[in-house]
Amino acid sequence: IPSVVGISTTQEVIRQNIFGMQQGQLIQGVGTGFIVREDGYILTNSHVVDDGSAQTITVQLTDGRELKGTVLWSDSSLDLAIVKIDVDNLVAVELGDSDKVNIGAYAVAIGNPFGLVFDRSVTQGVISGLNRTITVGNSTQSVTMEGLIQTDASINSGNSGGPLVNLDGNIVGINSAKLAGIGVEGMGFSIPVGTVKY
């Protein structure tokens, strides 16, 4: 938990009103990330930082500090991004081996569901499936993600970018998406941490 951070973003979206005039609207977003190096390198989802185009990024640490973040790298096809904050002596996670994850193994998801009011919430479940393929996006833009870890540990809006942890406390995945709809339960998906390591 000391390695899990909250990520808040703002992004200006230009929209046309009913009179044909363009207006800027500030959209706020909230997600999760986790510290991978003690000197301020944070891993999260690309969509959490608006694929690198967020105007402002604020990183909230467990001790309450809020720091400006900068996107160093973002890849929307992988849905991964690296954010940097200027601080040292942080608590970094230990990355596990996602190639050794087995179906039925226990898993814990940590994140900020529905905003920072419920920051660093922990949910537990099992690994439900491996090498899953899903398509995420909207009618104008979508991305097909492959090789995902499926889990029934609850993943909600705001959990994106948070860690999926095994019983040894090692990160095996980056929580990225869930299936939603009537009758759909326990269908969360994480990017294997091996995608980042290799």
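Let me begin by describing the structure that accompanies this report. Note that the coordinates shown come from a computational prediction; the quantities given were computed from them, not determined experimentally.

Next up on the list: the overall build of the protein. Each helix and strand in the protein was counted, giving 1 helix and 13 strands. Helices and strands appear in the protein in the N-to-C order β-β-β-β-β-β-β-β-β-β-β-β-β-α. Computed over its C-alpha atoms, the radius of gyration of the protein comes to 17 Å, within 12% of the 16 Å expected for a compact globule of 198 residues. Each principal axis of the C-alpha distribution contributes one length, and for the protein these read about 55 × 45 × 30 Å. Per-residue burial for the protein yields a buried fraction of 41% across its 198 residues. Within the protein, contacts between residues separated by at least 24 positions form 59% of all contacts whose residues are at least 6 apart in sequence.

So, about the sheet that holds strand β13 (residues 188-192). Ordered in space as β8-β9-β10-β13-β12-β11, the 6 strands form a closed barrel in which the pairing is antiparallel. With strand direction ignored, the average angle separating the axes of adjacent strands in the sheet is 55 degrees. In this sheet, β13 lies alongside strand β12 (residues 171-178) in antiparallel orientation, the contact comprising 5 bridges. Residue pairing for β13: Ile174 is matched across the bridge by Ile191.

On to the nonpolar core. Among the nonpolar cores identified, the biggest contains 17 residues, and Phe34, Leu43, Leu148, Ile171, Ile174 and Ile191 are the most heavily contacted of them. At 3 residues, the largest contribution of residues to this core is made by β12.

What follows is about the layout of surface pockets. Its boundaries defined by the atoms lining it, the largest pocket holds a volume of some 930 Å³. As for the largest pocket, its lining consists of 31 residues, of which His47, Val48, Asp51, Asp79 and Gly137 are closest to the centre. Those elements that provide at least two residues to the lining of the largest pocket are β1 (4-16), β2 (22-37), β9 (121-137), β10 (142-151) and β12. Here the lining of the largest pocket takes 5 residues from β2, the largest share from any one element. For the lining of the largest pocket, the residue count by class is 9 nonpolar, 17 polar and 5 charged.

To continue, consider the sheet that holds β1. With respect to topology, 7 strands assemble into an open sheet ordered β5-β4-β1-β2-β3-β7-β6, the strand pairing being antiparallel. The outermost strands of the open sheet, each flanked by one partner alone, are β5 (66-68) and β6 (70-75). Ignoring which end each strand starts from, the neighbouring axes of this sheet average 30 degrees apart. When strand β3 (residues 41-44) meets strand β7 (residues 80-84), the two strands line up antiparallel, connected through 4 bridges. Opposite Thr44, over in β7, you have Ala81 as the bridge partner.

Let us now look at the pattern of salt bridges. Tallied over the full model, the rule gives 4 salt bridges. A salt bridge links Arg120 to Asp119; its shortest N-O distance comes to 2.6 Å.

With respect to the element layout, Thr151 can be found in strand β10. One polar contact links the side chain of Thr151 to the main-chain carbonyl oxygen of Val126, over a distance of 2.9 Å. Sequence-distant contacts of Thr151, defined by excluding residues within four places in its chain, comprise Ala107, Val126, Ser128, Leu164, Gly186, Met187 and Gly188.

Our focus in this paragraph is the pairing of β1. Bridge analysis of β1 against β2 gives 13 bridges, and the strand direction is antiparallel. Looking at the pairing, Arg15 lines up with Gln23 of β2. Between β1 and β2, which pair antiparallel in sequence order, lie 5 residues; one of them, Gly20, sits at a positive phi of approximately 85 degrees. Strand direction decides the pairing type here: β1 and strand β4 (residues 56-60), joined by 5 bridges, are antiparallel. Looking at β4, one finds that Thr10 is bridged to Thr56.

What counts and what doesn't
- Residues numbered from 1 in each chain as written.
- Predicted model: local features only at pLDDT ≥ 70, side-chain atom pairs only at ≥ 80, totals over all residues.
- Heavy atoms only, no water.
- Helix = DSSP H or I, 4+ residues; strand = E, 2+ residues; numbered from the N terminus.
- Rg over C-alpha atoms; globule rule 2.2 N^0.38 Å.
- Buried < 20%, exposed > 50% of the residue type's maximum accessible area, 1.4 Å probe, protein only.
- Contact = heavy atoms within 4.5 Å.
- Pairing = 2+ DSSP bridges.
- Axes fitted to C-alpha atoms, helices over the stretch in contact; angles between N-to-C directions.
- Core = buried A, V, L, I, M, F, W, Y, C linked by side-chain atoms within 4.5 Å.
- 1 Å grid on protein atoms, 1.4 Å probe; cavity = no way out; pocket = protein on both sides within 12 Å on 5 of 7 lines; lining within 4 Å.
- Points joined across faces, edges and corners; volume = space filled by probe spheres on them.
- Nonpolar A, V, L, I, M, F, W, Y, C, P; charged D, E, K, R; others polar.
- Salt bridge = Lys/Arg side-chain N within 4 Å of Asp/Glu carboxyl O.
- Polar contact = N/O pair within 3.5 Å; in protein donor to acceptor, adjacent residues only side chain to side chain.

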